[in-house]
Amino acid sequence: MSEARTLPGFREFYPEDRAVIGHIFDVWRQACRRHGFREWEPPVLEPLELFTEKSGEEIVRQLFNFEDKGGRKVSLRPEMTPSLARMVGAKANGMPKPIRWFAIGENYRYEKPQKGRLRAFYQLNADLLGEAGPAADAEIIALCAECLLGFGLKQSDFRIRLSDRTLWFRFLARLGVPEDRAGLALAVVDKLERGSPAELLTAMTAALAGLDADPSAVLQGSREFAAARSFDDLARLASGDTAMEARLAEWKQLLDALAAMGLGECVAVDLTIVRGLAYYTGFVFEAFETGGEARALAGGGRYDALVKKLGGPDLPAVGFGMGDVTLRDLLELRGLMPAYADGPDFYALILGDDARKAALEDVAALRRAGFRVEYNLRDGKFGKLAQAAEAAGAKYGVIYGGEEVARGVAKIRSFADRREGEVPRSDLVPALRAVLEEGIDAVSP
Ligand code: HAM
């Protein structure tokens, strides 16, 4: 009966779960809008080469790809950045810069499902294109932080670990690794914390094949370089290297801008972050829950070459992706998920067929006025209807009996304390608005 179950790593959302996702989307969207970002959306299915050529090896192994009925090689999107680079590239010349775009959507990666990692997950993407200086990096990192703070998390609840592929490229060049091979070496550095010494050496040897560089010296040097945890550590590593020293001036601008925005506490220098994706070129970062073992909440960085590689103009870019899975775990752990309340504002209790026509007129008018209204589709006794109304989550009932309808009124009942009031049907919309704002006392008993 495998068809009776969901596929591994895919979720189904009952309304209570969908409400959680809805809350996450709302907070993300509000934060992005407050920062002046505009919403866009890429296709779910894309030509396979978009990802095999642009995303890097790790993602390529995880693609949900297949051949469509027209014989095209296609893939579900594992991420949105290559689609963004193509879309912006196609119209960049006519767009005012910088371009601030965000998207919220589901991505698909054939990973081993585990805590914090699924095969279908939602992701917020926010990207800023057209500005090469560190002010843009600061803006994106600040937005990443605000997207977490918007849930009620405190700066001490998470860390945005900040690193720099530009410094790494320069450092690797000094060890004899040219820039076009640095990506491969950094994919090994990315595993420094997880891999065994033997595995790491084998991987580094493969990454440096054909070069003069000594794999164990590169590994050892990388370990020391990766240990930097402060601006002073960076300054020590850069000392005497003019290119690195010049880069540190940009680090200072970035850190100063974040401090000015009041975000100094959640940002930390950490050169172990190098990012698995192939296209990153400068500052990179990942956000983690403080002290936890969980996988990253968000990751991003600068990718200045991607738009041009996809046929567009030379357009600098920086952005991040934030997933819903680890974020939801963290919000639940901290008790920051609002209680589920999805009931109607009012439930019309229609008692008898004589009252139904008048009640339906009012229900339709109330709905058009913006209230959430349910009513009994079938006749029933008052007690049963009141139970149904409370089970639906309604706080108030609007009661239509033959006698009320004959007098041109409806009765309003508060289910919490069973108090009632009466309203002329001609006044229903303003009266019920007052009830929602002030409670049952807003209508006369
Ligand atoms: P990423 O680091 O691959 O970056 O993903 C960003 C975030 O998406 C992760 O930190 C995590 O929260 C979530 N995520 C990724 N894979 C999974 C998964 N299998 N299950 C659950 N959550 C997952 C990117 O995707 C880049 N395209 C981000 C970016 C945008 N860079 C520049 N602009």
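Student: Describe the overall build of the protein chain, naming the residues involved and giving the relevant values.
Tutor: A count of helices and strands for the protein chain gives 17 helices and 16 strands. By the compact-globule yardstick of 22 Å for 445 residues, the protein chain is too spread out, its C-alpha radius of gyration being 28 Å. A principal-axis box enclosing the C-alpha atoms of the protein chain has dimensions of 95 × 55 × 45 Å. Taken across its 445 residues, the protein chain has 49% of its residues classed as buried. Summarising the internal contacts of the protein chain: among those between residues at least 6 apart in sequence, 67% fall at separations of at least 24.

Student: So, the sheet that holds strand S5 (residues 99-108): which residues are in play, and what are the values?
Tutor: Reading across from one edge, S1-S5-S6-S11-S10-S9-S7-S8 is the order of the eight strands in this open sheet, with mixed pairing throughout. Each edge of the sheet is formed by a strand with only one pairing partner; in this case those strands are strand S1 (38-39) and strand S8 (267-269). By the bridge criterion, two bridges tie S1 to S5 in an arrangement that is parallel. Considered in S5, the bridge of Glu 39 is made with Phe 102. Contacting strand S7 (158-164) and strand S9 (283-289), helix H6 (residues 165-174) crosses the sheet at an angle of about 40° to S7. Across the sheet, helix H13 (residues 325-333) lies against strand S6 (120-129), S9 and strand S11 (317-323), angled at about 55° from S11, the strand it touches most.

Student: I'd love a proper account of helix H17 (residues 428-438), names of residues and values included.
Tutor: Of the residues making up H17, those classed as buried are Leu 428, Ala 431, Leu 432, Ala 434 and Val 435. The buried residues of H17 occupy an angular sector of 155° when projected down its axis, which confines them to one face. For H17, exposure combined with an orientation more than 90 degrees from the buried face picks out Pro 430 and Glu 437. Once H17 finishes, Gly 439 follows within two positions and takes phi at roughly 95°, a positive value.

Student: Outline the packing of aromatic side chains, supporting the account with residue identities and numerical values.
Tutor: Tallied over the full model, the rule gives 16 aromatic pairs. Where Phe 10 meets Phe 64, the ring centres are 5.8 Å apart and the plane angle is 85°; that geometry is what we call edge-to-face. Remark: Phe 64 occurs in the loop between helix H3 (57-60) and strand S3 (65-67) and Phe 10 occurs in the segment before helix H1 (15-34); sequence separation between them is 54 residues. Geometrically, the ring pair formed by Trp 168 and Phe 171 is edge-to-face, given 5.8 Å between the ring centres and 85° between the ring planes. Placement of the pair is Trp 168 and Phe 171 together in helix H6, with a separation of three residues, close to one helical turn.

Student: So what's going on with the pattern of salt bridges? Which residues, and what values?
Tutor: Using the criterion set out here, one finds 36 salt bridges in the structure. The salt bridge partner of Lys 115 is Asp 329, with a shortest N-O separation of 3.3 Å. With Lys 115 in the loop between S5 and S6 and Asp 329 in helix H13, the pair connects residues that are 214 residues apart, well separated along the chain. Assessed through its relative accessible area of 69%, Lys 115 is described here as exposed. The partly exposed category is assigned to Asp 329, whose relative accessible area is 31%. Connected through shared salt-bridge partners, Arg 161, Glu 193, Arg 229 and Asp 270 make up one network.

Student: Tell me about the state of the cysteines, and please be specific about residues and values.
Tutor: By the definition in use, this model includes zero disulfides. There is no disulfide at Cys 144, and the cysteine sulfur nearest it, in Cys 147, is 6.8 Å away.

Student: Go over the side chain of Ser 83, please, and point to the residues and values.
Tutor: Secondary-structure assignment places Ser 83 in helix H4 (residues 81-91). Under the relative-accessibility criterion, Ser 83 is labelled buried at 0%. Among residues more than four places away in sequence, those in contact with Ser 83 are Pro 42, Glu 46 and Leu 50.

Each value, and the rule that gives it
Residues numbered from 1 in each chain as written. Predicted model: local features only at pLDDT ≥ 70, side-chain atom pairs only at ≥ 80, totals over all residues. Heavy atoms only, no water. Helix = DSSP H or I, 4+ residues; strand = E, 2+ residues; numbered from the N terminus. Rg over C-alpha atoms; globule rule 2.2 N^0.38 Å. Buried < 20%, exposed > 50% of the residue type's maximum accessible area, 1.4 Å probe, protein only. Contact = heavy atoms within 4.5 Å. Pairing = 2+ DSSP bridges. Axes fitted to C-alpha atoms, helices over the stretch in contact; angles between N-to-C directions. Arc of directions from axis to C-beta. Phe/Tyr/Trp six-rings, centres within 6.5 Å; stacked < 30°, edge-to-face > 60°. Salt bridge = Lys/Arg side-chain N within 4 Å of Asp/Glu carboxyl O. Disulfide = S-S within 2.5 Å.

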